[in-house]
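Coordinates in review
The chain contents come next:
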Amino acid sequence: MKNLRGRNYIYQMLVLFGALALGICLFFVLFYMDNIRAGFRSILRILMPFIYGAAIAYLLKPVCNVLERWFTKLLSGKKGSRSARLAGPLSVFASILIGILVVAALLMMVIPQVLRSLGGLVVLIQKNLDKFVDWITQYTDEQSVLIHYIENISEGLSDKLGLWIQQEVLPHLQNLVTGVTSGVASLVTVFSNLFIGVIVAVYLLGSRKKFAMQSRLILFSIVKEKWANRIINEITYADRMFGGFINGMLLDSAIIGCICFIFTSIVNVPYGLLVSVTVGVTNLIPFFGPYLGAIPSALLILMVSPVKCIIFLVFIMVLQQIDGNIINPRILGNVTGLSSFWVLFSILFFGGVFGFIGMIIGVPVFAVIYDVVKKLVRWGLRRRGKAALVSEYRSAYPEEEEERKKTVRRSHLKDHSARK
């Protein structure tokens, strides 16, 4: 009895000590939040080449796997032979080369067209402004109040522009030069990080199987086999979720961009390539993407031809219906298993936290979190003898269970084809 009381006393003391330590740590975290945030930014800035490299390697991993199987069959068909060992390095080199060529081709096609479109847009704005002034002059008397009002506004704008240049721009010219210099330095840093990231991607792709085996050894050395297998299954699910979703969205956006470019070329819609690239890129964002790309593109076309703008809007509506009901389900299916509400929530939340990138990766990230929470809830119900509630929920919403079975069946088929 005394031993039991002693153990309870020690347990209570440990709990009290842990609560006090946690409170002190929380106080220091809140008090030094700015320093912690600055340190986190510094670490993130140092690791940025590795982040770029990991992202490039992850996107090129499916291509590298396909090329490695193809090179293995082409060289010898036997993994143990000396010639088959060249399949790994050749697949890494070929996948990196393919990625570089694709990006270079896109930039060579898009950048000149974007520059020409921006130059034409500036000229178009100036022409429309001149036409507006001529129209006002044509339909109004030279002595009218409107003409005098416009002249006063233009003179006032000219005077204010001169004062703004003298009082604001010239005194702060040094800051402007410093800002331009820092912008150029930031651009150079981004390109250097991308260059190092490509090198990191080469190492990651070449050692991806080795790193996976090392991670497996570390995991099994830390936790029990049961929990290690569960963690591996969850990581596999997350990899399948991210890979399937991101690669599927990239393919879907490329198809939508190509269809849009073909249509704009046939109908002779102004700024066809720029509009198609905008529609294709914004289509990466679920739910909001089509509207984010169509609205500015329609306004751009409207400045040249209102009729072509209406045709473009009708085409976008038809294209999005085809994409939502035919193309996207064929490529992705319901990979995430999320309802429309949670898709909307994940886009808004992660987009607000991480910006444009968050809007793209928000859906698969939340799908993984949703799956973990769902498994924890089911585990807790089974532990407390309430597993019947799960069956009751499934019978109340059978469509979710049917969709879950379809998703599992598709994932098994993909895994089987990948092993082949």
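Starting from 1, residues in each chain are numbered consecutively following that chain's sequence as written. For a predicted model such as this one, the threshold for reporting local features is a pLDDT of at least 70, and the threshold for listing and counting side-chain atom pairs is 80 or more; totals across whole chains, interfaces and linings nevertheless cover every residue. Values reported for side chains reflect all heavy atoms of the structure, with hydrogen atoms and water molecules removed beforehand.

Ring geometry is summarised as follows: Phe, Tyr and Trp rings, the Trp one being its six-membered ring, pair when their centres sit within 6.5 Å, and such pairs are stacked at plane angles under 30 degrees, edge-to-face over 60 and tilted between the two. Considering all chains together, one arrives at 10 aromatic pairs under this definition. Note on phenylalanine 345 and phenylalanine 349: the rings are 5.9 Å apart at their centroids and 10° apart in plane angle, and the pair reads as stacked. Taken as a pair, phenylalanine 345 and phenylalanine 349 lie in helix H11 (residues 340-354) at a separation of four residues, close to a single helical turn. Plain terms: the ring middles of phenylalanine 345 and phenylalanine 366 are 5.6 Å apart, the flat faces sit at 65° to each other, and that makes the pair edge-to-face. Of this pair, phenylalanine 345 sits in helix H11 while phenylalanine 366 sits in helix H12 (residues 356-383), placing them 21 residues apart in sequence. Categorising residues by exposure relies on relative accessible area from a 1.4 Å probe, with only protein chains included: less than 20% of the type maximum marks a residue as buried, more than 50% marks it as exposed, and the intermediate range marks it as partly exposed. Judged by relative accessible area, which is 35%, phenylalanine 345 ranks as partly exposed. Given the relative accessible area of 11%, phenylalanine 366 is considered buried. Connected via pairs of aromatic rings, a cluster forms that spans Phe341, Trp342, Phe345, Phe349, Phe350, Phe366 and Tyr370. By the criterion adopted, a ring carries a charge over it if an Arg CZ or a Lys NZ lies within 6 Å of its centre and within 35 degrees of its normal. In this arrangement the basic side chain of arginine 230 is found over the ring face of tryptophan 227, its NZ or CZ atom lying 4.8 Å from the centre. Over the ring of tyrosine 237 we find lysine 375, and its NZ or CZ is 5.7 Å from the ring centre. Labels follow the DSSP assignment, with helices taken as runs of H or I lasting at least four residues and strands as runs of E lasting at least two, numbered in each case from the N terminus.

Quick look at the pattern of salt bridges now. A side-chain nitrogen of Lys or Arg and a carboxyl oxygen of Asp or Glu constitute a salt bridge if their distance falls within 4 Å. Going through the model one piece at a time under the given rule, you end up with five salt bridges. With its nearest N and O atoms 2.4 Å apart, the salt bridge here joins glutamate 68 to arginine 208. Of this pair, glutamate 68 sits in helix H2 (residues 33-75) while arginine 208 is found in helix H6 (residues 208-222), placing the two residues 140 residues apart along the sequence. Arginine 208 matches glutamate 68 in its accessibility class, with the two residues each being buried. Residues joined in a network through salt bridges with shared partners are Glu68, Arg208 and Lys209.

Attention shifts here to the confidence of the model for the protein chain. Of all residues in the protein chain, 72% attain a pLDDT of 70 or more, and the chain-wide mean is 76. Per-element mean pLDDT across the protein chain ranges from 55 in helix H14 (residues 398-419) up to 89 in H6. Note that pLDDT drops below 50 for residues 416-420; the model gives that stretch two contacts with residues more than four away or on any other chain. Confidence per residue, as judged by the predictor, is encoded in pLDDT with a range of 0 to 100. Two residues qualify as a contact provided that any one of their heavy atoms is within 4.5 Å of a heavy atom in the partner residue.

This paragraph deals with the packing of helix H7 (residues 225-267) against H12. Working convention: axes come from line fits to C-alpha atoms, limited for helices to the stretch in contact. Angles between N-to-C directions cover 0 to 180 degrees. It is at 9 Å that the axes of H7 and H12 come closest, and there the two elements cross at 150°. Between H7 and H12, the crossing angle belongs to the class labelled roughly antiparallel. Taken as a pair, H7 and H12 cross one another with a handedness that is right-handed. Residues Arg230, Glu234, Tyr237, Ala238, Met241, Phe242 and Phe245 of H7 form the contact with H12, whose own contacting residues are Ile360, Val363, Pro364, Val365, Ala367, Val368, Asp371, Val372, Lys375 and Trp379. Only Asp, Glu, Lys and Arg are considered charged, only Ala, Val, Leu, Ile, Met, Phe, Trp, Tyr, Cys and Pro nonpolar, and every remaining residue, Gly among them, polar. Considering only residue class, the contact of H7 with H12 consists of 13 nonpolar, no polar and four charged. Any angle from 65 to 115 degrees is called roughly perpendicular, while one under 35 is roughly parallel, one over 145 is roughly antiparallel, and all others are oblique. By convention the crossing between two helices is left-handed if the near helix lies anticlockwise of the far one by an angle smaller than a right angle, and right-handed if it lies clockwise.

What follows is about unusual backbone geometry. At asparagine 268, a position not held by glycine, the phi torsion is positive, near 65°. By secondary structure assignment, the location of asparagine 268 is in the loop between H7 and helix H8 (272-282). We classify asparagine 268 as exposed; its relative accessible area is 56%.

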